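Examining the three-dimensional arrangement
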Amino acid sequence: MTTVDVDIEKLLGNIAAGLKTLLQTRKADAVTMIGIHTGGVWIARRLHQQLQLNEPLGELDISFYRDDFTRAGINPQVKPSRLPSPIDDRHIILVDDVLYTGRTIRAALNEIFDYGRPAAVTLVALVERGGRELPIQADVFGIHLDVAPDQQVKLLGPDPLRLTITESRVAHAGRGGT
Amino acid sequence: MNQAVSQLDSDGRLRHFLTIEGLKRDILEDILDTAESLSSVTEQSVKKVPLLRGKTIVNLFFEPSTRTRTTFELAAKRLSADVLNINVSTSAAAKGETLLDTLKNLEAMHCDMFVVRHERSGTAHFFARHAQPHISVINAGDGRHAHPTQAMLDMFTIRRVKGRINGLRVAIVGDILHSRVARSQIHALAVLGASEIRVVAPKTLIPAAAHTLGVHVFHDLRQGLRDVDVVIALRLQSERMQGAMLPSEREYFHLYGVTEKALEAAHPDAIVMHPGPVNRGVEIQSSVADGPRSVILQQVTHGIAVRMAVMSLAMGHRPPAEAPK
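Here the structure is a predicted model, which means the values were calculated and not measured.

What counts, and where the lines are drawn
- Residues numbered from 1 in each chain as written.
- Chains lettered and ligands numbered in written order.
- Predicted model: local features only at pLDDT ≥ 70, side-chain atom pairs only at ≥ 80, totals over all residues.
- Helix = DSSP H or I, 4+ residues; strand = E, 2+ residues; numbered from the N terminus.
- Rg over C-alpha atoms; globule rule 2.2 N^0.38 Å.
- Contact = placed C-beta atoms within 7 Å.
- Expected span 1.5 Å × (residues − 1).
- Buried ≥ 20, exposed ≤ 12 C-beta atoms within 10 Å, placed from the backbone.
- Pairing = 2+ DSSP bridges.
- Core = buried A, V, L, I, M, F, W, Y, C linked by C-beta atoms within 7 Å.
- Domains from an automatic or database assignment.
- Axes fitted to C-alpha atoms, helices over the stretch in contact; angles between N-to-C directions.
- Nonpolar A, V, L, I, M, F, W, Y, C, P; charged D, E, K, R; others polar.

**Considerations on the overall build of chain A**
Along its length, chain A carries four helices and eight strands. Tracing chain A from N to C terminus, the helices and strands come up as β-α-β-α-β-α-β-α-β-β-β-β. A compact globule built from 178 residues should have a C-alpha radius of gyration of about 16 Å, and chain A, at 16 Å, falls within 12% of that. Overall size of chain A, expressed as C-alpha extent along the three principal axes, is 45 × 35 × 30 Å. If you take every contact in chain A between residues at least 6 apart in sequence, the share linking residues at least 24 apart comes to 68%.

**Notes on helix α5 (residues 148-162) of chain B**
Helical periodicity: at 3.6 residues per turn, an α-helix aligns residues three or four positions apart in one direction. Residue and element names in this part refer to chain B. Along its 15 residues, α5 runs 21 Å from first to last C-alpha, staying within 8% of the 21 Å computed at 1.5 Å per residue. Burial analysis of α5 places twelve of its 15 residues in the buried class, the great majority of the element. Among the residues of α5, those classed as buried are Pro148, Thr149, Gln150, Ala151, Met152, Leu153, Asp154, Met155, Phe156, Thr157, Ile158 and Arg159. On its buried side, α5 packs onto α1 (25-43), β4 (136-142), α6 (180-191), β8 (230-233), β9 (271-273) and α11 (296-316). Remark: glycine 163 follows α5 within two positions and exhibits a positive phi of approximately 85°.

**Points about the pairing of β8(B)**
All names here are of chain B. Side chains Val230 and Ile232 project from β8 onto one buried face, and the interleaved Val231 and Ala233 project onto a second face that is buried too. Pairing analysis gives four bridges linking strand β5 (residues 169-173) to β8, with the strands arranged parallel. When the bridges of β8 are listed, valine 170 appears paired with valine 230. In terms of strand pairing, β8 meets β9 through three bridges, oriented parallel. Across the sheet, the residue bridging to valine 230 is isoleucine 271, located in β9.

**Topic: the nonpolar core**
Residue and element names in this part refer to chain B. Phe114, Val173, Val231 and Met311 are the most contacted members of the largest nonpolar core, which has 143 residues in total. Ranked by residues supplied to this core, first place goes to α11 with eleven residues. In terms of domain composition, this core takes at least three residues from each of domain 1 (25-147 + 302-322) and domain 2 (148-300). Beyond its immediate chain neighbours, meaning those up to four positions away, valine 231 contacts Ala171, Val173, Leu225, Val258, Leu263, Ala266, Ala270, Val272 and Met273.

**What about the sheet that holds β5(B)?**
Residue and element names in this part refer to chain B. Read across the open sheet, the five strands follow the order β7-β6-β5-β8-β9; overall the sheet is parallel. Since the sheet does not close on itself, it has two edges, and those belong to β7 (216-218) and β9, each with one partner. With strand direction ignored, the average angle separating the axes of adjacent strands in the sheet is 20°. Note that β5 and strand β6 (residues 196-200) share five bridges and pair parallel. Residue pairing for β6: arginine 169 is matched across the bridge by glutamate 196.

**Structural notes on the domain arrangement of chain B**
All names here are of chain B. On domain assignment, one finds that chain B holds domain 1 (25-147 + 302-322) and domain 2 (148-300). Taken together, the elements giving at least two residues each to the side of domain 1 that touches domain 2 come down to α1, β4 and α11. Taken together, the residues of the side of domain 1 that touches domain 2 sort by class into nine nonpolar, seven polar and five charged.

Written out as structure tokens, the structure is:
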């Protein structure tokens, strides 16, 4: 396991600035931020604070919406999803730590739309890496990392936040997580 | 009959859920933890997750049931499965179809899971033994043998209310002889580490081999309830009784009814449970059933999350060939 030598605080600052500009351009005022468990919630908490959003932060655990459930089984330690309601006509900022295959985001979108019809969804990721399996891209991200398909990027935290890269024991197995 | 069919797959994960007997602690705790996660689903405004979307679950009830059948149905629906309810009074069994024919016909309709209740012990095992490999069978009560999901929702309720099961003293009061619920509860409590399991009943309502289950037998209610943390009252199953097992219901209530007075012997924080349906004034005093110690309605609520957990665990562990492409 190696730690990625980046200043996460600086990345968060960049994301917050980028997001602010984006929301102004899109004239989004009714904003709701939602973090995806677990790393995405850590990132979302920091951004929520920096942007001084009024609406409470939402938290999503997408375990029950995963597409590999029949293969992987369910993780018994699923945390409850908490969405500040209602989300109809809100501008959602969806936050995750690492954007990889896009399957987590697909699951999160499905769960959000089970709760209502948001006006728009903006995707924010701390890290984006290659390996997308779905047509999903981040609107704002902190850093792009060039990593091999058998390497795993993981955010450790919540205090301090630290990015690590590990070699997967079996290449290509267990993909589709992030 | 238990040896012929395994509840676990080759990786040791739940495939069928037929009985608590023989299951290890990690499997039972996995069910409780999964139920804890799923209970959040049942409490939020959108009470549905897509875990079992596209699966067909058959509730096959050869014996009347309201609570168990409806909570199984609700559990399946909250997991987005399609549910078929078949009751014996309206089914072909009344016309003489054998169990095996019923099973084969439902298989031919490409069902994925059978939830089976039958008055004869071993029916769920029979289904598990003869069903195709991709089908899961859940026992929703078979004769006097087992009612494992009821026992697990009771364990879930105890763990939620008391914070643990380990080290607790539990008394099961009433018709132990005819009770599949008691049998499953005793196995579950033992595996999950209850410090003492007592059964309290007249001699005629306790099986001769009760002591082999590792329980302490009491014939006096006050003694049986002394210092217990959990009291489980069982329904008096008059429909299963032949001959003179009891002098009268009034006499039974006088001696074995769980009353405010009898509960004075229990631990001050003791909770009172009942699997339902409740015979007020027979096995339990009305004011106890509705009182502050009672967690009877919580048991019903928890039944949904626990059944969701069992269904999704049993269906979640299909071999990769079965997974969607």
